[in-house]
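Residues per chain are reported as follows:
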Amino acid sequence: MSPKGDRQSIKKLRKSDISASPPRLARPSRLMRFISSSSVLYRHRLGTSITKAEGFPAFRQAFRTALSPPKQQKQHLVRMSSTDTNTGYRQAKDWNATQYLKFEQERTRPVHDLLAQIPISSPRRVVDLGCGPGNSTEVLAARWPNAQVSGMDSSPDMIEKARGRLPDTKFELGDLNTWAPTDNKEKVDVFFSNAVFQWVPSEKRLPLIARFIEMQAPGGVFAFQVPDNFLEPSHAMMRETASDADKPWFPVLQNRQPALARFQSTQEIYDALIPLCRSLNIWHTHYYHILESHEAVVEWVKGTGLRPFIDPLSEEDKKGFVAAYLERLKKVYSVSVDGRVLYKFPRLFVVAVRK
Ligand SMILES: C[S@@+](CC[C@H](N)C(=O)[O-])C[C@H]1O[C@@H](n2cnc3c(N)ncnc32)[C@H](O)[C@@H]1O
């Protein structure tokens, strides 16, 4: 859209802003899509949502709805997008390592960024918590070839892939919530965890991390990274699609809380871990992944955050859900000049050193 086109759109916006039912544009301009996505995010920050995808919401209407959403909408949103209680989702279906690895390079990039901040040059014992298909474990083993590096994960499919990838490495099937190193006489120098703790029930995350840190000797490191994308359109649109009260998936999803709860704030992390730590290094990185299309965004989240939404659905409803979700994504992510899509992905990193 040219600047002139955008100016014309602004004129249209002002007119439509005061009209009772704003015109729907077949293909909203970049400006319009920005406005649309901003209002979506604004409303999600308020803990509300938009029930129908809105190609071109008038500001006034959007804010009025945000401040006073319809009653029915309020009721089911309390259950769908809770930030204070964790998802009721319990992994009924196993992970699909092949789907997860479709974006292996992008998913492994934060492993390198986290590793670069670990202040230990030659650890003896390293454990990759939630090692997945072994992509993160492989990076750890390459960085510390003389260390005893091992991995654990609760997914049989992931563990099988990891064992195939690194046959000489020890991989254990286990649940983080109860797992402990079998022999901790020789303490673990580095606990490493990439993109895992967001899957732990919200209220258990920090106590669990503290439990692992307590197992370490002074100077030991607990390093983790988690996606911080609760407010990103990719995730807001999942919750919104799930809230479509007239769709067949609504009754299936409404009591399941499929959205992963937002990760704890940096202040909460600091306050929970500093009593055990000599130092805490906390930072955010926003990656901009260049994906081929909106469909590629769907493929990405199908390997992770979309699973709790679509796993419980019948094949037919799954197709319907994914199609409705894709339509929403097309409204909130612009198409770049080369036809590709910039997928913004904020991630939170923490490196804790045991006191
Ligand atoms: C997004 S993948 C991350 C895989 C890998 N660490 C990486 O860097 O790409 C998340 C992994 O966490 C594992 N996971 C989730 N909850 C877990 C739990 N309670 N105990 C052990 N593993 C868990 C999943 O099985 C999955 O393999």
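Residues numbered from 1 in each chain as written. Predicted model: local features only at pLDDT ≥ 70, side-chain atom pairs only at ≥ 80, totals over all residues.

## Some thoughts on the overall build of the chain
So, point 1. Each helix and strand in the chain was counted, giving 15 helices and seven strands.
So, point 2. Sequence separation of 24 or more characterises 78% of the internal contacts of the chain that already satisfy a separation of 6 or more. (Helix = DSSP H or I, 4+ residues; strand = E, 2+ residues; numbered from the N terminus. Contact = placed C-beta atoms within 7 Å.)

## Points about the pairing of strand E3 (residues 170–173)
So, point 1. Where strand E2 (residues 148–153) lies against E3, four bridges are found, and the strand directions are parallel. By the bridge assignment for E3, Ser 150 is matched with Lys 170.
So, point 2. Each parallel crossover has a hand, and for E2 linked through helix H8 (residues 156–165) to E3 it is right-handed. (Pairing = 2+ DSSP bridges. Right-handed = clockwise from strand over helix to strand, strands pointing away.)

## Looking at the sheet that holds strand E6 (residues 277–291)
Across a sheet, strands are paired by hydrogen bonds formed along the backbone, either parallel or antiparallel in direction.
So, point 1. In space, the seven strands of this open sheet follow the order E3-E2-E1-E4-E5-E7-E6, with mixed pairing throughout. Among the strands making up the open sheet, the edge pair consists of E3 and E6. Across the sheet, the mean angle separating the axes of adjacent strands is 15 degrees when strand polarity is ignored. (Axes fitted to C-alpha atoms, helices over the stretch in contact; angles between N-to-C directions.)

## Comments concerning the environment of Ala 217
So, point 1. Tracing the sequence through the fold places Ala 217 in the loop between helix H9 (202–214) and strand E5 (221–227).
So, point 2. Judged by C-beta crowding, with 11 C-beta atoms within 10 Å, Ala 217 ranks as exposed.
So, point 3. Along the backbone, Ala 217 and Val 188 are 29 residues apart, and their C-alpha atoms lie at a distance of 7.8 Å. (Buried ≥ 20, exposed ≤ 12 C-beta atoms within 10 Å, placed from the backbone.)

## Regarding unusual backbone geometry
It is generally the case that most residues other than glycine have a negative phi and that most peptide bonds are trans.
So, point 1. With a phi close to 65 degrees, Ala 195 is a non-glycine residue in the positive phi region.
So, point 2. Position of Ala 195 among the secondary structure elements: in the loop between strand E4 (190–194) and H9.
So, point 3. You can call Ala 195 buried: it has 20 C-beta atoms within 10 Å.
So, point 4. Notably, Gln 257 is not glycine yet its phi reads approximately 50 degrees, a positive angle.
So, point 5. As for its placement among the helices and strands, Gln 257 is situated in the loop between helix H11 (250–253) and helix H12 (266–273).
So, point 6. Classification of Gln 257 by C-beta neighbours within 10 Å gives buried; the count is 20.

## So, the pairing of E4
So, point 1. Most of E4 sits inside the fold, with five of its five residues counted as buried.
So, point 2. Burial of the side chains of E4 extends over both faces: Val 190, Phe 192 and Asn 194 are buried on one face and Phe 191 and Ser 193 on the other.
So, point 3. Where strand E1 (residues 125–129) and E4 come together, three bridges link them in parallel fashion. Its bridge partner being in E4, Asp 128 is matched across the sheet by Phe 192.

## Some thoughts on the packing of H9 against H12
So, point 1. Axis separation between H9 and H12 bottoms out at 10 Å; the angle between their running directions is 40 degrees. The crossing of H9 and H12 is right-handed. From H9, Leu 206, Ile 209, Ala 210 and Ile 213 reach across to H12, where they touch Glu 268, Ile 269, Ala 272 and Leu 273.
So, point 2. Partitioning the contact of H9 with H12 into residue classes produces seven nonpolar, no polar and one charged. (Left-handed = near helix turned anticlockwise from the far one by under 90°. Nonpolar A, V, L, I, M, F, W, Y, C, P; charged D, E, K, R; others polar.)

## Considerations on the packing of helix H13 (residues 294–302) against helix H15 (residues 315–332)
So, point 1. Put simply, H13 and H15 touch, their axes get as near as 9 Å, and they point 125 degrees apart. Taken together, the axes of H13 and H15 lie oblique to each other. Between H13 and H15 lies a crossing whose hand is right-handed. Listed contacts from H15 to His 294, Glu 295, Val 297 and Val 298 of H13 are Val 322, Tyr 325, Leu 326, Leu 329 and Lys 330.
So, point 2. By residue class, the composition of the contact of H13 with H15 is six nonpolar, one polar and two charged. (Parallel < 35°, antiparallel > 145°, perpendicular 65-115°, else oblique.)

## Here we look at the nonpolar core
So, point 1. With 69 residues, the main nonpolar core has Val 190, Phe 191, Val 221, Phe 222 and Ala 223 as its most contacted residues.
So, point 2. Those residues in contact with Val 221 that lie beyond four places of it in its chain are Ile 118, Ile 120, Asp 189, Val 190, Val 351, Ala 352 and Val 353. (Core = buried A, V, L, I, M, F, W, Y, C linked by C-beta atoms within 7 Å.)

## With respect to the confidence of the model for the chain
Note that predicted coordinates carrying low pLDDT should not be read in detail.
So, point 1. A residue-level look at the chain finds 74% of positions with pLDDT of 70 or above and a mean pLDDT of 80.
So, point 2. The model gives residues 1–90 a pLDDT under 50, and that stretch makes 115 contacts with residues more than four places away or in other chains. (pLDDT = per-residue confidence, 0-100.)

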